[in-house]
Amino acid sequence: MVWVLLLLLAWTVAGAACTRLCLAAVRAAAVDENAGQGHDLTLYEAAFLSGGPRRVADLTMVSMARQRRLVLARTGWATVVDPRGRDEMERSVIGAIGPGGQSRIAPARAAAAAADAVGGLADRLVRAGLAVPDGARTTVATGVRQVRVAAVAVLALGVTALLVPATSDMPRNLVALWFALPLALTLSCLAIARVEVHPYSRWASPAGQRLLGALARRAGGPGDDRTYLTSVAVRGIRAVGEPDLRAAFAHREQYGRD
């Protein structure tokens, strides 16, 4: 019976894909529940957990611009006013702009995001259990794609089984029902992954997400500069209120968004 062989193949494809995704999700979420206790996030750490390396570069540039130590023009150019960086992130931005003290914002932002200072920050957050390792992010994303492909494959196999000339007394509606089972498995796995994995698998671990929430609750009043920078760290450039500053960052699309 051809439909039985196709059904076995559908179960094999669906089961393998769902198993890989479940194992990847378990590894990504395997974080000590006590991770991060007593840890106060810095703005740079909050930026990384919220948006990754590029968000850290954005936050650094906005902070320096608000202190008038970096000019970010509407035309998409950055000009260094004070070449003395106050920390390693600022020194990375200044180094990315170059010895001439002027550069387009987009390539400077990309270079600063790839600097050793940001890489070191990421490593520290991973060791602390607050960030998801890069390999785990890739594995989960790959697993989701594989389950999607498996769902399409199961559907195609089911349609093929229904189109094959009947060689048994099995009614076609029962054949369709049998193929609906592995299809339901893949769709359920995707639904669970969206709810359980998607909210925190990109950068922050569950412990990192808890600290981000606590940071937002502790922020000061609306006129407080730290509150402003916290919003930029968590929400990105869309939290910037100054039109000129927003226009300056509008020239970075060719190098990737948040």
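Residues numbered from 1 in each chain as written. Predicted model: local features only at pLDDT ≥ 70, side-chain atom pairs only at ≥ 80, totals over all residues. Heavy atoms only, no water.

Q: Explain the overall build of the protein here, please?
A: When helices and strands are counted, the protein shows 11 helices and 3 strands. Ordered by position from N to C terminus, the α and β elements of the protein give α-α-α-β-β-α-β-α-α-α-α-α-α-α. Counting across all 258 residues of the protein, residues that qualify as buried make up 44%. A fraction of 72% describes how many contacts in the protein between residues 6 or more apart in sequence connect residues 24 or more apart. Of the roughly 13,500 Å² that the protein leaves accessible, carbon and sulfur atoms contribute 60%. (Helix = DSSP H or I, 4+ residues; strand = E, 2+ residues; numbered from the N terminus. Buried < 20%, exposed > 50% of the residue type's maximum accessible area, 1.4 Å probe, protein only. Contact = heavy atoms within 4.5 Å. Areas by Shrake-Rupley, 256 points an atom, 1.4 Å probe, with all protein chains shown as cover.)

Q: What's the story with a nonpolar patch on the surface in this structure? I'm lost.
A: On the surface, Trp11, Leu174, Leu177, Trp178, Leu181 and Leu185 cluster together into a nonpolar patch covering about 540 Å² of accessible area. A per-element tally of the nonpolar patch places helix α8 (residues 172–196) first, with 5 residues. On the basis of relative accessible area, Leu185 is assigned to the partly exposed category, the value being 34%. (Patch = residues over 30% accessible without salt bridge, like charges linked within 9 Å, V, L, I, M, F, W, Y side chains within 5 Å. Salt bridge = Lys/Arg side-chain N within 4 Å of Asp/Glu carboxyl O.)

Q: Hey, could you run me through the pattern of salt bridges in this one?
A: Two side chains carrying opposite charge are able to pair once their charged atoms lie near each other. Overall, the coordinates contain 7 salt bridges when judged by the stated rule. In this structure, Asp82 and Arg84 form a salt bridge, with 3.2 Å as the shortest nitrogen-oxygen distance. With a relative accessible area of 62%, Arg84 lands in the exposed category. Through salt bridges with shared partners, a single ionic network connects Arg66, Asp225 and Glu242.

Q: Quick question: what am I supposed to make of the packing of aromatic side chains here?
A: Note on aromatic pairs: each is described by the distance of the centres and the angle between the planes. Counting across every chain of the model gives 1 aromatic pair. Across the ring face of Tyr228, the terminal group of Arg66 is positioned such that the distance to the ring centre comes to 3.8 Å. (Phe/Tyr/Trp six-rings, centres within 6.5 Å; stacked < 30°, edge-to-face > 60°. Lys NZ or Arg CZ within 6 Å of the ring centre and 35° of its normal.)

Q: Would you mind going over the confidence of the model for the protein with me for this structure?
A: Close reading of the predicted structure is inappropriate where its pLDDT is low. Across the protein, the average pLDDT comes to 85, with 85% of residues at 70 or higher. Between residues 254–258, whose pLDDT stays under 50, and residues either more than four places distant or in other chains, the model counts 14 contacts. (pLDDT = per-residue confidence, 0-100.)

Q: I would appreciate a short explanation of the packing of helix α4 (residues 88–97) against helix α6 (residues 116–127) in the present structure.
A: The geometry of a pair of packed helices is captured by two quantities: the angle between their axes and the separation between those axes. The geometry of α4 relative to α6 is characterised by a closest axis approach of 9 Å and an angle of 145 degrees between their N-to-C directions. Of the residues in α6, those touching α4 at Glu88, Met89 and Ser92 are Ala117, Val118, Leu121 and Arg124. Across the contact of α4 with α6, the residue classes break down as 4 nonpolar, 1 polar and 2 charged. (Axes fitted to C-alpha atoms, helices over the stretch in contact; angles between N-to-C directions. Nonpolar A, V, L, I, M, F, W, Y, C, P; charged D, E, K, R; others polar.)

Q: Would you mind showing me how to read the environment of Gly208 here?
A: Position of Gly208 among the secondary structure elements: in helix α9 (residues 206–218). Among the residues examined, Gly208 registers a relative accessible area of 0% and is labelled buried. Put simply, Gly208 and Leu130 are 78 residues apart on the chain and 4.2 Å apart in space, counted from C-alpha to C-alpha. Sequence-distant contacts of Gly208, defined by excluding residues within four places in its chain, comprise Leu49 and Leu130.

Q: Can you help me understand the sheet that holds strand β3 (residues 102–104) in this one?
A: Backbone hydrogen bonds hold the strands of a sheet together, and the pairing may be parallel or antiparallel. Strands sit in the order β1-β2-β3 across an open sheet of 3 strands; the sheet is antiparallel. Across the chains shown, the open sheet's two edge strands, defined by having one partner strand only, are β1 (70–72) and β3. Strand-to-strand twist across the sheet, computed as the mean angle between neighbouring axes with direction ignored, equals 20 degrees. For β1 and strand β2 (residues 77–80), the ladder comprises 3 bridges, and the chain directions are antiparallel. (Pairing = 2+ DSSP bridges.)

Q: So what exactly am I meant to see when it comes to unusual backbone geometry here?
A: Among all residues except glycine, the phi angle is most often negative; among peptide bonds, the trans geometry is most common. A positive phi angle, close to 60 degrees, is found at Arg68, a residue other than glycine. Topologically, Arg68 is positioned in the loop between α3 (53–66) and β1.

Q: Help me understand the nonpolar core in this model?
A: Here is a general trend for soluble globular proteins: nonpolar side chains tend to be buried in one another's company. Counting residues in hydrophobic clusters, the biggest one holds 49 residues, and the most contacted among them are Phe48, Leu49, Val62, Leu70 and Leu72. Take this core: its biggest share by element is 7 residues, from α3. The residues touching Leu72, leaving out its near neighbours within four places in the chain, are Met61, Ala65, Trp77, Ala78, Ile105, Leu245, Ala248 and Phe249. If you look at the next biggest cluster of nonpolar residues, it comprises 10 residues, including Trp3, Leu6, Ala161 and Phe179. (Core = buried A, V, L, I, M, F, W, Y, C linked by side-chain atoms within 4.5 Å.)

Q: I tried to follow the environment of Thr227 on my own but got confused; where do I start?
A: Along the chain, Thr227 falls in helix α10 (residues 225–235). Once the C-alpha coordinates of Thr227 and Ala216 are considered, the two residues, 11 residues apart in sequence, prove to be 8.4 Å apart.

Q: Would you mind going over α4 with me for this structure?
A: The periodicity of an α-helix, 3.6 residues per turn, causes residues three or four places apart in sequence to face the same way. Of the positions making up α4, those classed as buried are Met89, Glu90, Ser92, Val93, Ile94 and Ile97. The N-terminus of α4 is capped by Asp87, whose side-chain oxygen sits 3.0 Å from the backbone nitrogen of Met89. Looking one or two residues beyond α4, the residue adopting positive phi is Gly98, at roughly 105 degrees. (Polar contact = N/O pair within 3.5 Å; in protein donor to acceptor, adjacent residues only side chain to side chain.)

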